[in-house]
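# Coordinate analysis (summary)
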Amino acid sequence: MLKIEGIRKIFGKGTINEKLAIDDLNLTAEAGDFITIIGSNGAGKSTLMNCISGVYGVDAGKILLDGKDITRQAEYKRSKYIGRVFQDPLKGTAFDMTIEENLAIASGKGKSLGLQLGLTRKEREFFRERLALLDMGLENRMKQKSKLLSGGQRQALTLFMAVISGPKLLLLDEHTAALDPGAAKKVLALTDEFSKSSGLCTLMITHNMKAALGHGNRTILMNDGQIVMDLFGEERKNMTVDRLVAQFEIENDRMLL
Amino acid sequence: MTIDAILGSVELGLIYSILALGVFLSFRTLNTPDLTVDGSIVTGMAASAMVCSAGGNPCLALLAAFLVGCLAGSVTALLNTKLGIQPLLAGILVMLGSYSVNLRIMGGKSNIAIIKADTVYKSFQEAVPTEYSSLILGLIILIAVTAAFYYFLRTRLGFALRATGDNEDMVRASGINSNAMRLIGLALSNGMVGFAGGLLAQYQSVADAGMGVGMVVIGLASVIIGEAVFGTRSLLRRLIAVSLGAILYRIVIAFAFNLGMPSTDLKLVSAVIVTIALSTGMMGEKFSLPALIRKGGGKNA
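About the cut-offs
- Residues numbered from 1 in each chain as written.
- Chains lettered and ligands numbered in written order.
- Predicted model: local features only at pLDDT ≥ 70, side-chain atom pairs only at ≥ 80, totals over all residues.
- Heavy atoms only, no water.
- Helix = DSSP H or I, 4+ residues; strand = E, 2+ residues; numbered from the N terminus.
- Buried < 20%, exposed > 50% of the residue type's maximum accessible area, 1.4 Å probe, protein only.
- Contact = heavy atoms within 4.5 Å.
- Areas by Shrake-Rupley, 256 points an atom, 1.4 Å probe, with all protein chains shown as cover.
- Lys, Arg positive; Asp, Glu negative; His and termini not counted.
- Charge placed at Lys NZ, Arg CZ, Asp CG, Glu CD.
- Buried area = accessible area lost by both parts, 1.4 Å probe.
- Salt bridge = Lys/Arg side-chain N within 4 Å of Asp/Glu carboxyl O.
- Polar contact = N/O pair within 3.5 Å; in protein donor to acceptor, adjacent residues only side chain to side chain.
- Nonpolar A, V, L, I, M, F, W, Y, C, P; charged D, E, K, R; others polar.

Counting its regular elements, chain B contains 13 helices and two strands. Based on the C-alpha atoms only, the size of chain B along its principal axes is roughly 55 × 40 × 35 Å. Classification of the 301 residues of chain B by burial places 53% in the buried group. Long-range contacts, defined here as pairs at least 24 residues apart, represent 76% of the contacts in chain B between residues at least 6 apart. Summed over its atoms, the accessible surface of chain B is roughly 12,200 Å², and 68% of this surface lies on carbon and sulfur atoms. The distance from the centre of the 20 positive side-chain charges to the centre of the 14 negative ones in chain B is 9 Å.

Structure (structure tokens):
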């Protein structure tokens, strides 16, 4: 499914501020995988996601999605197979457009942009049905502008938009970090639900160790642009939050030394 | 003030409404301050006047005006997206360069009179011989343009364009080429401006290379006045408000002239109106000065 082969990303190449953000990183993920990614600030987690989604080009290595080399593909082109939710709830929707218009853009991913109506009655019905599943009352507010939504509602909507067109890969960059605990819980529950869609592979960055172990089937710890721990199967089942935090600190200390 | 003077203002206002809709598309929908307008309106005038004076079909002249306007907008968009020049500066460059292009279109003359040539206004006058014929024609054209524009903004392409102005990150994450949207948006915006210029040349029976100065500010003033007076609740209402704003603006200016304001002060008055509107946040926070400076130096390059 997702195969990352020896990618490297250097910021400010050739300047005194040169920073090796991703260092010869390899990762293979299968369809159905839900991988949580942890690591301290500056470990390269977001950079990894931005390299996968094409916001940044990589300096070396390859990224393959379903056997197809997307390393040099433009960000908007590979977005057709990749759903994304950002940390900032404002980044996920067009604020001056209505909820249904936002959904229409998201569900039209990959279709050609023509002069046909952006929103048909049939689509509207479909959105209403699906929105009801979020259980947030959004199905009755479809004609409201998305700027009127709360952070939690907006993040739930963004998550919904990210999966509505059936992507192969779902990238979540601390998507609950800006939410209150209740909203975060709700969005995480939705994440669990959506991640079960057939053939979807989910990567989720989080700073919450409990969430990192409590969701998904695999956890990776990043440090200094590399994957330093990869937990799955029995080993992951036996891992506790305390031990994970301890491990996290060892890696952190190692970096500081 | 005479009825004739008011009638004339409204006739002119109907043409400026199309300019205002074009400015609305770049400033509001795409969220990009585009100064190309000062150049593209004259390019439209020049193309329209040249086709008419060569004995061409006046409708064809309007089409030519639209297309050259699109071209000017495309150049601005390409300078921005391909060469990474800030939108504000890209617009200024095209505005400057187009001055020479406009003079070339007009055969090196700064002024082309088309008094004897056929225009849409004269043809319509012949078909509908009333003193209101210019008013009726202007209204028909404006309604057609507004309807087409409204439909366009509700198409899949229109959605993508509006979202690009709102949130470019989201647009790219939705698999849409935001640079292509900027290109289409600015081309269409200046196409409408060029069309308005073409219509203006035929209405006044003259094209003048110096007429573009301050047109973007007039367009902006119309958008601001329209939205403030007539409301922004729905998209259609907003478009109608912008059109009415342009007409209201012309009427206010006509009154000011009538009260003895010298016509040479027109540009100063326009600038003051827009300054007041911008500083009081009537354009929304996005267009307050600090926000514009941030934007100009930021990610849009």
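There's more to say after this.
What follows concerns the interface of chain A and chain B. At the junction of the two partners, chain A supplies 31 residues and chain B supplies 23 residues. When chain A packs against chain B, the two sides together hide about 2,500 Å² of surface, and 60% of this comes from carbon and sulfur. Its largest share of buried area at the contact with chain B, chain A owes to A:Tyr76, A:Ile105 and A:Leu113, together 25% of the area lost on that side. Our enumeration of links across chain A and chain B arrives at four salt bridges. The residue B:Asp169 makes a salt bridge to A:Lys91 at a minimum N-O spacing of 3.9 Å. If you look at where chain A meets chain B, you find 17 residue pairs in polar contact (both at pLDDT 80 or more). Secondary-structure elements contributing two or more residues to the side of chain A that touches chain B are α2 (75–78), β6 (82–85) and α3 (99–107) of chain A. In the side of chain A that touches chain B, the residues fall into 14 nonpolar, nine polar and eight charged.

Under the counting rule described, the total for this entry stands at 21 salt bridges over all chains. Where B:Arg238 meets A:Asp96, a salt bridge forms, and the shortest distance between an N and an O atom there is 3.7 Å. Of the two residues, B:Arg238 sits in helix α11 (residues 235–258) while A:Asp96 sits in the loop between β6 and α3, which places them in two different chains. In this structure, the salt-bridge partner of B:Glu227 is B:Arg28, at a minimum N-O distance of 2.3 Å. Of this pair, B:Glu227 sits in helix α10 (residues 215–230) while B:Arg28 sits in helix α1 (residues 3–29), and the two are 199 residues apart along the sequence. B:Glu227 gets classed as buried once you look at its relative accessible area, which sits at 9%.

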